[in-house]
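Results of the structural survey
Read off the chains here:
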Amino acid sequence: MIRTRFAPSPTGALHIGGLRTALFSYLFAKQNNGEFFLRIEDTDKARSKKEWEAVIFENLKELNISWDNEAPRQSERGEIYKKYLQKMLEEGTAYYCFCTKEELDEERDRLMKEERAPIHQGKYRDFGLKNALKKIEEGNHPVIRFKCPLNRDVCFNDLIRGEIKINTSDVGDFIIAKDLDNPLYNLTCAIDDAEMGITHVIRGEEHIPNTPKQILLEEALGFNNIIFAHLSLILGKDKKKLSKREGSTAVSIYLEEGYLPEAIINFIAFLGWNPGTEKEIYSMEELIKDFSIKKISKSGSIFNIDKLDWLNGIYIRNMDLDKLTLRCLPFLKEEEGIDNKKIVLALKDRLKKIKDIKELSNYFYGEEVFYEKELLRWKDMSDEEVKKSLLQAKTLIENIEFNNLQEELIKEAKKSPSIGGFMWPLRVALSGQKASAGPAEIMDIIGKEKSLKRINKAINII
Ligand code: GLU
């Protein structure tokens, strides 16, 4: 059974990169009828916050990425890690290290001067557990290091990058716990991946240096091999690592702005993966079917917000009107006699994101709209001509039923010197905007009385 996991540290918002890790892990598990697990890596007590954890849960749920376990917290698994630490100390695969900060600084400086990698040389490697315990009784506070096998190649076959080989002399005796009650990331991660039965770890390339450490730990603990896949960086348009420069990297911001979950998932899936065909619109179900780890690119992928806007527009236009209206409601005002569903229908083609409707719908509400007189003018019409055109519209509107507005307007426009010269001043009188829904749509929504009021005002202005 294939089992993957997403293991965020709740030290901040869920970012685009984290979401991609979660999505790819989810897709890979689901397409293999496997399980996707969530795990909260909150061993950093100072920086981990329950609020961030809640945001991660909420965002994933909203994006339809569901997990198959109880999402354990590492902070609640202290006893488990302690047992493993004790076992490692007894078996000699880990040891207490009493080096002081000064000693370590001095060692690092010396190695650097000798042009050697600043890898700790393991002064207490062979000190022995008995001696160490005595020293602790005397009041010393050691850390716990992994006893790294000497001069051995650690190889793993990354599903995306192929074979990666690192010699243990470049790893060294790294610290696995500050003490028995304070294990560190590499250890807790290795233990949990094994205990949770994780078969495949998919994560960002920044973790490549951790992988040999975790493989060595799995081995020392007697656990099975795990298969790894490291995703390349997500880059901004400037080809540098994605950062705030490109707008936000926090997933919640995109949700709040009104990017639809389906569009976000579709967009994220293409950050590093593509099906190798022309197909660009993918539902989650289709992704589960077509996603392929083998097709993930080794090079960085570019975060292009224009593409997200484009995709989101497509999803908005294809959405059921009732559902879309429901989504838009938080951004719309309420006014008696105004049917917000009609506003959504009139504006949906212009929306890049749901929140856009807030600005775009303003002119439907309230009695008046405000604009400069000049905006009423179509091309080089004179004031008199504009006025005449508006009066013509007024007379028409006073005398017709509001059923076939569009047809009536066109018929009337054809009688006037130019269609634009009839439609433009009327549309501006109704909306006060350079760009807006068409006059028939607006009048249908705001009704006869309000329409006439606005037209009269325009006649006065001109
Ligand atoms: N807690 C780690 C992080 O948020 C997870 C690393 C991993 O996937 O192993 O970066």
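Report follows, based on the coordinates. Predicted, not measured: the structure shown is a model, and the values here were computed from it. (Residues numbered from 1 in each chain as written. Predicted model: local features only at pLDDT ≥ 70, side-chain atom pairs only at ≥ 80, totals over all residues. Heavy atoms only, no water.)

1. Focus: the overall build of the protein chain
Put simply, the rule is: Under the DSSP-based scheme used, a helix requires at least four consecutive residues in state H or I and a strand at least two consecutive residues in state E, with every element numbered from the N terminus. To get the radius of gyration, use the C-alpha atoms; to get the globule rule, take the number of residues to the power 0.38 and multiply by 2.2 Å. When accessible area is computed with a 1.4 Å probe and restricted to protein chains, residues below 20% of their type maximum are described as buried, those above 50% as exposed, and intermediate ones as partly exposed.
Scanning the protein chain from N- to C-terminus turns up 18 helices and 11 strands. Scaling as 2.2 N^0.38, a compact globule of 462 residues should have a C-alpha radius of gyration of about 23 Å, whereas the protein chain reaches 32 Å, well beyond that. Taking the principal axes of its C-alpha atoms as reference, the protein chain extends roughly 100 × 45 × 40 Å. Looking at the protein chain as a whole, 49% of its 462 residues are labelled buried.

2. Re the state of the cysteines
Threshold: Note that a disulfide, as used here, is simply two cysteine sulfur atoms within 2.5 Å.
In total, this model carries 0 disulfides according to the counting rule given. In this structure Cys99 is not part of a disulfide, and its nearest cysteine sulfur, from Cys97, lies 3.8 Å away. The thiol of Cys155 is unpaired, and the distance to the nearest cysteine sulfur, on Cys148, comes to 14 Å.

3. Focus: the site of the ligand
Short version of the rule: Definition of nearness: a residue and a molecule or strand are near each other if at least one heavy atom of the residue lies within 4 Å of the molecule or strand. Think of a polar contact as two N or O atoms within 3.5 Å of one another; within protein, one of them needs to be a possible hydrogen donor and the other a possible acceptor, and neighboring residues in sequence only count if both atoms come from side chains. Where accessible areas are quoted, they stem from the Shrake-Rupley method and a 1.4 Å probe; at the residue level, only the protein chains shown are allowed to cover.
Around the ligand, the structure places Arg5, Ala7, Pro8, Ser9, Glu41, Tyr185, Cys189, Arg203 and His207. Glu41 is positioned such that a nitrogen or oxygen atom in its side chain is 2.6 Å from a nitrogen atom of the ligand. A distance of 2.9 Å separates an oxygen atom of the ligand from a polar side-chain atom of His207. Out of a free accessible area of 300 Å², the ligand has 79% covered by protein chains.

4. Some details on the environment of Glu76
Mapped onto the fold, Glu76 is located in the loop between α2 (50-62) and α3 (78-91). With relative accessibility at 56%, the residue Glu76 sits in the exposed group. Each C-alpha atom, one on Glu76 and one on Arg327, is 38 Å from the other, the two residues being 251 residues apart in sequence. Looking at Glu76, its side chain comes within polar contact range of the side chain of Arg73, at 2.8 Å.

5. A look at the packing of aromatic side chains
Filter applied, for reference: Any two of the Phe, Tyr and Trp rings considered here, Trp counted by its six-membered ring, make a pair once their centres fall within 6.5 Å; the pair's planes then place it as stacked at under 30 degrees, edge-to-face at over 60, or tilted in between. The rule for a charge over a ring is simple: NZ of Lys or CZ of Arg within 6 Å of the ring centre, and within 35 degrees of the ring normal.
Applying the stated criterion across every chain, the model contains 18 aromatic pairs. Through a chain of ring-to-ring contacts, three or more aromatic side chains come together here, namely Phe24, Phe270, Trp273, Tyr282 and Phe291. Above the ring of Trp424, the side-chain terminus of Arg427 is found at 4.7 Å from the ring centroid.

6. Observations regarding the pairing of strand β1 (residues 3-6)
Operational definition: In this scheme, strands are said to pair when DSSP sees at least two bridges between them.
The alternating pattern of β1 places Arg3 and Arg5 and Thr4 and Phe6 on opposite faces, both of which are buried. Note: β1 against strand β2 (residues 35-38), 4 bridges, orientation parallel. Bridging across to β2, Phe6 finds its partner in Leu38.

7. Structural notes on the packing of helix α15 (residues 383-399) against helix α17 (residues 419-431)
The criterion, for reference: Inter-axis angles, ranging from 0 to 180 degrees, are taken between N-to-C directions of lines fitted to C-alpha atoms, where helices are fitted over the stretch in contact. An angle counts as roughly parallel when it lies under 35 degrees, as roughly antiparallel when it exceeds 145, as roughly perpendicular when it falls between 65 and 115, and as oblique in every other case. Two residues qualify as a contact provided that any one of their heavy atoms is within 4.5 Å of a heavy atom in the partner residue. Residues are grouped as follows: Ala, Val, Leu, Ile, Met, Phe, Trp, Tyr, Cys and Pro are nonpolar; Asp, Glu, Lys and Arg are charged; all remaining types, including Gly, are polar.
For the pair α15 and α17, the least separation of the axes is 9 Å and the interaxial angle reads 75°. The angle between α15 and α17 places the two elements in the roughly perpendicular class. Taking contact as the criterion, the partners of Val386, Ser389, Leu390, Gln392, Ala393 and Ile397 in α15 are, on α17, Gly421, Phe422, Pro425, Leu426 and Ala429. Of the residues in the contact of α15 with α17, the class split is 8 nonpolar, 3 polar and no charged.

8. Here we look at the pattern of salt bridges
What counts here: For salt bridges, the criterion is a side-chain nitrogen of Lys or Arg within 4 Å of an Asp or Glu carboxyl oxygen.
Inspection of the entire model under this criterion finds 40 salt bridges. Here Arg116 makes a salt bridge to Glu114, at a shortest N to O gap of 2.8 Å. When its relative accessible area of 41% is taken as the criterion, Arg116 is described as partly exposed. Note that Asp306 and Lys237 form a salt bridge whose closest N and O atoms lie 3.3 Å from each other. Here Lys237 lies in the loop between β10 (234-235) and α8 (251-257) and Asp306 lies in helix α11 (residues 305-318), a separation of 69 residues in the sequence. Owing to a relative accessible area of 46%, Asp306 belongs among the partly exposed residues under this scheme. Residue classification places Lys237 among the partly exposed residues on the basis of a relative accessible area of 46%. Because the salt bridges share partners, they merge into one network encompassing Arg5, Arg39, Glu41, Arg77, Asp192, Asp193 and Glu195.

9. A closer look at helix α6 (residues 185-195)
In terms of residue burial, α6 counts as a mostly covered element, since 8 of its 11 residues are buried. Along α6, the residues classified as buried are Asn186, Leu187, Thr188, Cys189, Ala190, Ile191, Asp192 and Asp193. Residues of α6 that are buried in the fold lie against β1, α3, β7 (175-177), β8 (200-204) and α7 (210-220). One or two positions beyond α6, positive phi appears at Gly197, with a value near 70°.

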